[in-house]
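The chain contents come next:
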Amino acid sequence: MIQTIKNLHKTFYDSRFYSELVFSWKGIGLGFLLIISLVNTGHLMAIAAKPYRLLMQEREAIFASLPSMEIKEGRLSSENDQPITISMLEGLDEGPIRIVIDTKNEMTDEAATVKRMAAEKLVVLVNADAISIFSPVDNKIEVRKVKDMADNKITHEQWQKISEALAAGFLPMTLFFIFCVTLMGHLLTAALGGILLVIISPLFKIKLPFQAAMRLSCAAKVPVALVFLVVLPQTVLQTLLWFGFVIFGLFSAKMTRDYAT
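Here the structure is a predicted model, which is why all the values come from computation and not from measurement.

Things to note about the overall build of the chain
Looking only at helices and strands, the chain has 8 helices and 8 strands in total. On C-alpha atoms alone, the chain measures out to a radius of gyration of 25 Å, which is more than a quarter above the 18 Å that the 2.2 N^0.38 rule sets for 261 residues. Along the first, second and third principal axes, the C-alpha set of the chain runs to 85 × 35 × 35 Å. The buried share among the 261 residues of the chain stands at 40%. Contacts spanning at least 24 positions in sequence make up 62% of the contacts within the chain whose residues lie at least 6 apart. When the accessible surface of the chain is split by element, carbon and sulfur atoms take 63% of a total near 15300 Å². If you average the places of the 26 positive and of the 24 negative side-chain charges in the chain, the two averages end up 15 Å apart.

Structural notes on the packing of helix α6 (residues 156-200) against helix α7 (residues 210-227)
Two elements in contact, α6 and α7, have axes whose closest approach is 8 Å; the angle formed by their N-to-C orientations is 125 degrees. By the criterion of interaxial angle, the relationship of α6 to α7 is oblique. Seen from above, α6 lies across α7 with right-handed handedness. The segment α6 lies against α7, with H186, L187, T189, A190, A191, G193, G194, I195, L197 and V198 engaging F210, A213, M214, L216, S217, C218 and K221. A class-by-class count of the residues in the contact of α6 with α7 yields 11 nonpolar, 5 polar and 1 charged.

Digging into the packing of aromatic side chains
Inspection of every chain in the model, using the stated rule, returns 7 aromatic pairs. Taken together, a centroid distance of 6.5 Å and an interplanar angle of 80 degrees make the contact between F17 and F32 edge-to-face. Of this pair, F17 sits in helix α2 (residues 15-23) while F32 sits in helix α3 (residues 30-47), and the two are 15 residues apart along the sequence. For F17, a relative accessible area of 2% puts it in the buried group. For F32, a relative accessible area of 1% translates into the label buried. Ring pairs connect the aromatic residues F17, Y18, W25, F32 and F248, which therefore count as one cluster.

Regarding the packing of α3 against α7
Where α3 meets α7, the closest approach of the two axes is 9 Å, and the angle between their N-to-C directions is 20 degrees. As judged from the angle between their axes, α3 and α7 are roughly parallel. Regarding α3 and α7, the two cross each other, and that crossing is left-handed. Between α3 and α7, the residues in contact are F32, L33, I36, V39 and N40 and C218, A219, K221, V222, A225 and L226, respectively. Class assignment of the residues belonging to the contact of α3 with α7 gives a composition of 9 nonpolar, 1 polar and 1 charged.

Examining the side chain of D14
Checked against the element boundaries, D14 lands in the loop between α1 (2-6) and α2. Buried and unpaired, D14 has K10 as its nearest opposite-charge partner, separated by 4.6 Å. In terms of polar contacts, D14 uses its side chain to reach the backbone amide nitrogen of F17, at 3.1 Å.

Side note on a nonpolar patch on the surface
On the surface, a cluster of nonpolar side chains totalling about 660 Å² of accessible area is made up of F12, Y13, L226, V227, V230, V231 and L232. We classify F12 as partly exposed; its relative accessible area is 36%.

Section: the pairing of strand β1 (residues 69-72)
The side chains of a regular strand alternate between both faces of the sheet. A one-sided burial pattern is seen for β1, the buried positions being M69 and I71 and the unburied ones E70 and K72. Pairing between β1 and strand β8 (residues 152-154): 3 bridges, direction antiparallel. In the sheet register, I71 faces β8, and the bridge partner there is N152. For β1 and strand β2 (residues 75-77), the ladder comprises 3 bridges, and the chain directions are antiparallel. Residue pairing across strands places K72 opposite R75, the latter belonging to β2. Two successive antiparallel strands, β1 and β2, enclose a turn made up of 2 residues, where E73 displays a positive phi of approximately 55 degrees.

A few points about the sheet that holds strand β3 (residues 84-88)
In a beta sheet, neighbouring strands are held together by backbone hydrogen bonds and run either parallel or antiparallel to one another. Reading across from one edge, β3-β4-β5-β6-β7 is the order of the 5 strands in this open sheet, with mixed pairing throughout. The outermost strands of the open sheet, each flanked by one partner alone, are β3 and β7 (140-145). Here the average twist between neighbouring strands, direction ignored, is 10 degrees. For strand β5 (residues 122-127) and strand β6 (residues 130-135), the ladder comprises 3 bridges, and the chain directions are antiparallel. Following the sheet pairing, V124 is matched in β6 by I133. Relative to β5, helix α5 (residues 110-120) is tilted by about 135 degrees, and along the sheet it contacts β4 (97-102), β5, β6 and β7.

The rules behind these values
Residues numbered from 1 in each chain as written. Predicted model: local features only at pLDDT ≥ 70, side-chain atom pairs only at ≥ 80, totals over all residues. Heavy atoms only, no water. Helix = DSSP H or I, 4+ residues; strand = E, 2+ residues; numbered from the N terminus. Rg over C-alpha atoms; globule rule 2.2 N^0.38 Å. Buried < 20%, exposed > 50% of the residue type's maximum accessible area, 1.4 Å probe, protein only. Contact = heavy atoms within 4.5 Å. Areas by Shrake-Rupley, 256 points an atom, 1.4 Å probe, with all protein chains shown as cover. Lys, Arg positive; Asp, Glu negative; His and termini not counted. Charge placed at Lys NZ, Arg CZ, Asp CG, Glu CD. Axes fitted to C-alpha atoms, helices over the stretch in contact; angles between N-to-C directions. Parallel < 35°, antiparallel > 145°, perpendicular 65-115°, else oblique. Left-handed = near helix turned anticlockwise from the far one by under 90°. Nonpolar A, V, L, I, M, F, W, Y, C, P; charged D, E, K, R; others polar. Phe/Tyr/Trp six-rings, centres within 6.5 Å; stacked < 30°, edge-to-face > 60°. Salt bridge = Lys/Arg side-chain N within 4 Å of Asp/Glu carboxyl O. Polar contact = N/O pair within 3.5 Å; in protein donor to acceptor, adjacent residues only side chain to side chain. Patch = residues over 30% accessible without salt bridge, like charges linked within 9 Å, V, L, I, M, F, W, Y side chains within 5 Å. Pairing = 2+ DSSP bridges.

Here you go:
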């Protein structure tokens, strides 16, 4: 790992580094992926810092507004007056976003629910028969049917305990989740890149074993990840930039081998 950290800057320009990476290094280059996953996680959390801070400030008020609810025989009910609208993140330019609890009514058809949630900036809509969770990224909802849930009752006191647990564990759990998802994504794409390099390396009159191809694939991700910290990420440009660095690495390895022979 120390060797990886010391050579990070060389991924941008050093042909000798790429040659040594292919012929002398061991492993699959996992250290590169760990580092860029940490960088990506930190970057995402920096972007989300303001919403997170506002959410934590509003947490107690949000949970204090949640009524006692009961799931029984496939129906969700509450004795409180309804509908209840809870607004949050009002300090954001995109805000506020809202939770609506309306157990006096059932969910309408999905298309109408999507349209309503988008128009009213609802992230959660709770009805007697369903809980709808809206994703503004793809303008879709995830619907959880109450009939599939076990009978249960959540009191106001239990909401308060959930609030306290959220305050204690939300940040570390979120960081860990983002890191794991990011690492798995990088590992998958690096493996696909490694397979591609094994296939095309004979075109450069050099035959790479899979481990060497993986190391090259992983190392080429470093400059791509760092560049797109300051440039809006675009899949096509990221792929082209990665391909440029792996081709540079292949040429570097070939020139070193030709010189040695």
